[in-house]
Amino acid sequence: MKAARLREFEDWFAGYLRPFEGGDEEIRRNTLLKKNHTFRVRTEIIGLGRDLGLPEEDLLLADTLALFHDLGRFEQYFRHRTFVDRDSEDHAVLGVKILEEHQVLDRIDPVERELILKAVSYHNRAVLPDGESSRCLFFTRLLRDADKIDIFKVVTDYYGRKDPSRDRAIELGLPDTPGFSPEVYQALLRKEIVRADRLRNLNDFKLLQVGWVYGLNFSPAFERVRRRGYLDIIRRYLPRTEEIDRIFGMAGDHLLAMS
Ligand SMILES: [Fe+2]
């Protein structure tokens, strides 16, 4: 990727967002939420890429992936008023559709175009597909790590907020009931990523975030999550039980071992 091309993509992105930024209050607020997330994921992916020693052109490619990864979020919210894919549509697939419809990537090298479309479409998958090139999988994993790091920031900022009002878009509409689901707990003991459709309450949602440490790929990503203390923050907002201590003990050990 060339720097000048990325500047064109940034301009296109800014123009694409304009109608959403002129929507009603709810649309404007949620557009801003995802726009800010996009820009922070760009910063994160560049940080990770630099730590991994990527050459400049690959850093620009990584930056492009971050810029476009949640492109489908704006239209998704506009159409369905939710960010929950299973209540609306797959925002990654939607993002690819938008890139294709607007012919955004038509003027770049087809190999690079293919990689961008694939990384965007895979960024939210539970499991990555077999048979992709190692370069495609590398950039997809890098994008997923950068995305997760920023979601850690979003949720921990949210738990620590002063304003007690609740945001359904962040909490996925889950009830704040006591306890947590045994299925979620068991998945974490097996060091597995928790499936979003297993969540029954907010504690499950917080535990799912703890489990993201098992989905990270690159040591600079583990390092960032550890250094920024995201797990310690989430721990404060969960019940004080031995089971939960065990989950955090395991997750913390994993972060340390991998970073
Ligand atoms: Fe996304």
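These figures come from a predicted structure and were not determined experimentally. Throughout, a residue's number is its position along its own chain's written sequence, starting from 1. Given that the model is predicted, a residue must reach a pLDDT of at least 70 before its local features are reported, and side-chain atom pairs must reach 80 or more before they are shown or counted; all residues, however, enter totals for whole chains, interfaces and linings.

### Section: the overall build of the protein
The secondary structure listing takes helices from DSSP runs of H or I that are at least 4 residues long and strands from runs of E that are at least 2 residues long, numbered from the N terminus. Counting its regular elements, the protein contains 13 helices and zero strands. Going from N to C terminus, the protein has its helices and strands arranged as α-α-α-α-α-α-α-α-α-α-α-α-α. Over its C-alpha trace the protein gives a radius of gyration of 18 Å, about what one expects of a compact globule, namely 18 Å for 259 residues. Projected onto the principal axes, the alpha-carbon positions of the protein cover approximately 55 × 45 × 30 Å. Taking all 259 residues of the protein together, the buried fraction comes to 32%. Whether two residues are in contact is decided by their C-beta atoms, placed from the backbone, lying within 7 Å. Intrachain contacts of the protein at a sequence separation of at least 6 include 63% that bridge at least 24 residues. We compute the radius of gyration over the C-alpha atoms and compare it with the globule rule, which gives 2.2 Å times the number of residues raised to the power 0.38. Here exposure depends only on C-beta density: within 10 Å of a residue's C-beta, 20 or more other C-beta atoms make it buried, 12 or fewer make it exposed, and intermediate numbers make it partly exposed, the C-beta atoms being placed from the backbone.

### Digging into the nonpolar core
Any nonpolar core is a set of buried residues, restricted to Ala, Val, Leu, Ile, Met, Phe, Trp, Tyr and Cys, that join up through C-beta atoms within 7 Å. In terms of nonpolar packing, the biggest core is built from 49 residues, with Ile45, Leu65 and Val225 touching the most fellow members. When sequence neighbours within four positions are dropped, the list of residues in contact with Val225 reads Ile149, Phe152, Val213, Leu216, Tyr230 and Leu255.

### Some thoughts on helix α10 (residues 202-211)
A large share of α10 lies buried, amounting to eight of its ten residues. Three or more residues of α10 are buried, namely Asn203, Asp204, Phe205, Lys206, Leu207, Leu208, Gln209 and Val210. For α10, the secondary structure elements touched by its buried residues are α7 (134-159), α8 (168-171), α9 (182-189), α12 (230-236) and α13 (242-258).

### Here's the deal with the domain arrangement of the protein
In terms of domains, the protein is made up of domain 1 (3-147) and domain 2 (174-258). These domain boundaries are the output of an automatic or database domain assignment. Put simply, the middle of domain 1 and the middle of domain 2, counted by C-alpha atoms, are 26 Å apart. Across the contact, nine residues belong to domain 1 and seven residues belong to domain 2. Of all the secondary structure elements, the ones that give two or more residues to the side of domain 1 that touches domain 2 are α2 (25-51) and α7. Among the elements that line the side of domain 1 that touches domain 2, the one with the most residues is α7, at four residues.

### Overview of the environment of Tyr159
Take Tyr159: it is sitting in helix α7. Taking the C-beta count within 10 Å as the criterion, Tyr159 has 15 such neighbours and is therefore assigned partly exposed. Put simply, Tyr159 and Ile234 are 75 residues apart on the chain and 7.6 Å apart in space, counted from C-alpha to C-alpha.

### Looking at unusual backbone geometry
A positive phi angle is found at Arg81, which is not glycine, with a value near 60°. Summarising the element assignment, Arg81 is placed in the loop between α4 (72-80) and α5 (91-101). Although it is not a glycine, Lys191 adopts a positive phi angle of roughly 60°. When you line up the elements, Lys191 lands in the loop between α9 and α10.

### Side note on the packing of α2 against helix α3 (residues 56-69)
Close contact between α2 and α3 brings their axes to 8 Å; oriented N to C, the two are set at 155°. Taken together, α2 and α3 sit at an angle that is classed as roughly antiparallel. In terms of crossing hand, the pair formed by α2 and α3 is right-handed. On α3, the residues touching Thr38, Val41, Arg42, Ile45, Ile46, Gly49 and Arg50 of α2 are Asp58, Leu59, Ala62, Asp63, Leu65, Ala66, Leu67 and His69. Partitioning the contact of α2 with α3 into residue classes produces eight nonpolar, three polar and four charged. Every angle, taken between N-to-C directions, lies between 0 and 180 degrees, and every axis is a line fitted to C-alpha atoms, over only the stretch in contact when it is a helix. Each angle receives one of four descriptions, namely roughly parallel if under 35 degrees, roughly antiparallel if over 145, roughly perpendicular if within 65 to 115, and oblique otherwise. By definition, turning the near helix anticlockwise from the far helix through less than a right angle yields a left-handed crossing, and turning it clockwise yields a right-handed one. Under the grouping applied here, Gly and all other residues not named as nonpolar or charged are polar, the nonpolar ones being Ala, Val, Leu, Ile, Met, Phe, Trp, Tyr, Cys and Pro and the charged ones Asp, Glu, Lys and Arg.

### Considerations on the packing of α2 against α4
Packing of α2 against α4 brings their axes to within 10 Å, and their N-to-C directions diverge by 160°. Comparing the axis directions of α2 and α4 gives the class roughly antiparallel. Between α2 and α4 the crossing geometry is right-handed. Facing Ile27, Asn30, Thr31 and Lys34 of α2, the residues of α4 in contact are Arg73, Phe74, Tyr77 and Phe78. Class assignment of the residues belonging to the contact of α2 with α4 gives a composition of four nonpolar, two polar and two charged.

### Structural notes on the environment of Asp163
Within the fold, Asp163 resides in the loop between α7 and α8. By C-beta crowding, Asp163 is classed as exposed, having 6 other C-beta atoms within 10 Å.

### Thoughts on α2
In this analysis, the expected span of each helix is defined as 1.5 Å times one less than the number of residues it contains. Over its 27 residues, α2 extends 39 Å from the first C-alpha to the last, a length consistent with the 39 Å expected when each residue adds 1.5 Å. Looking at α2, one finds that the buried residues are Asn30, Thr31, Lys34, Thr38, Val41, Arg42, Glu44, Ile45, Leu48 and Gly49. Positive phi appears at Gly53, one or two residues downstream of α2, with a value of about 75°.

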